[in-house]
Amino acid sequence: MKRRTGIKIIIVFCLIIVIVSAYLYSVVIPAIRSFCKTEVESSIRNAINESNEKLLEMAIDYDEIFTVVYSSEKEVVSVRANMGLINQLSMLWGTEIQNHINGKNEIVFKKSAGIFSGSVILSNFGKEVSVHCTYTAFSKTDYRSEFIRQGINQTLHRLYLDAKVEATLLSPYSSEKLIVYDSFLYSESVINGKVPQTYISAEDGNEYLDLLDK
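Not measured: the values here are computed from a predicted model.

J.: Explain the packing of aromatic side chains here, please?
T.: Describing an aromatic ring pair means giving the distance of the ring centres and the angle of the ring planes. Per the stated rule, a full pass over the model turns up three aromatic pairs. Plain terms: the ring middles of Tyr-62 and Phe-66 are 5.1 Å apart, the flat faces sit at 35° to each other, and that makes the pair tilted. With respect to burial, Tyr-62 and Phe-66 carry one shared label: buried. Seen in terms of ring centroids, Phe-184 and Tyr-186 are 5.9 Å apart; in terms of plane orientation they differ by 80°. Their pairing is edge-to-face. The exposure class assigned to Phe-184 is buried, which follows from its relative accessible area of 8%. The class of Tyr-186 is buried, set by a relative accessible area of 9%.

As structure tokens, then:
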């Protein structure tokens, strides 16, 4: 009799372990991953926005980045780009983003315990539970220009800086990749004059940013 009772206890104990494990892997862990992913993406976007302010403080005008070349007939021949300055802006922005990310690679936030029940009804109930998220991230930056025709003999020219941040969310159970893209409109100006099918050339005349005919 005692032997049978012992076997029943072992079976019940094993069932409890299986049920708890299934609950953890099917409800709790996916919920934590989802919350962490959202919080990490928000943190990265905040880091990018904070880095934007550093570039804006430099107060570089469009005319310092681009030079519009006109013909004797007042037609636009080309738009020359100061590639050295553009590269510096891109590198500085990337460095600022990385520095902000490095200072915020651990996130702590609180959620109601009911959120881990898997029930929408119970999601707002229960004591608040602290959730810790750790991640590593690396940023890459680039640039691009865009032309938008505004009307007769008017073309809007924009310079964008593009960021790509590849993050890895770390946890005792597994790691998950996250990629965040963002763009920063750094400078723009309206070019007056008839614009032919031309290009933006670098100072050496050999590198192009964008085709104008769109």
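J.: I keep staring at the pattern of salt bridges and nothing clicks. Help me out?
T.: Two side chains with opposite charge may pair up if their charged atoms get near one another. Scanning the entire structure with this criterion turns up eight salt bridges. Its salt-bridge partner being Arg-158, residue Glu-188 comes within 2.8 Å of it at the nearest N-O pair. Taken together, the residues Glu-188 in strand β6 (residues 176–192) and Arg-158 in strand β5 (residues 154–170) connect sequence positions 30 residues apart. Exposure remark for Glu-188: the relative accessible area of 40% places this residue in the partly exposed category. A single network of salt bridges, built from pairs that share partners, joins Glu-41, Arg-45 and Asp-182.

What counts and what doesn't
- All chains use their own residue numbering, which begins from 1 and follows the written sequence.
- It should be noted that, the model being predicted, local features are given only for residues of pLDDT at least 70 and side-chain atom pairs only at 80 or more, the latter also being counted only at that level, while totals for whole chains, interfaces and linings use all residues.
- Note: side-chain values were computed over all heavy atoms of the structure, leaving out hydrogens and water.
- Between 30 and 60 degrees the pair is tilted, below 30 it is stacked and above 60 it is edge-to-face, where a pair is any two Phe, Tyr or Trp rings, Trp via its six-membered ring, whose centres lie within 6.5 Å.
- For every residue, the accessible area obtained with a 1.4 Å probe (protein chains only) is divided by the maximum for its type, and the residue is called buried under 20%, exposed over 50%, and partly exposed between those limits.
- Here, a salt bridge means any side-chain nitrogen of Lys or Arg that lies within 4 Å of a carboxyl oxygen of Asp or Glu.
- Going along the chain from the N terminus, every DSSP run of H or I of four or more residues is numbered as a helix, and every run of E of two or more is numbered as a strand.

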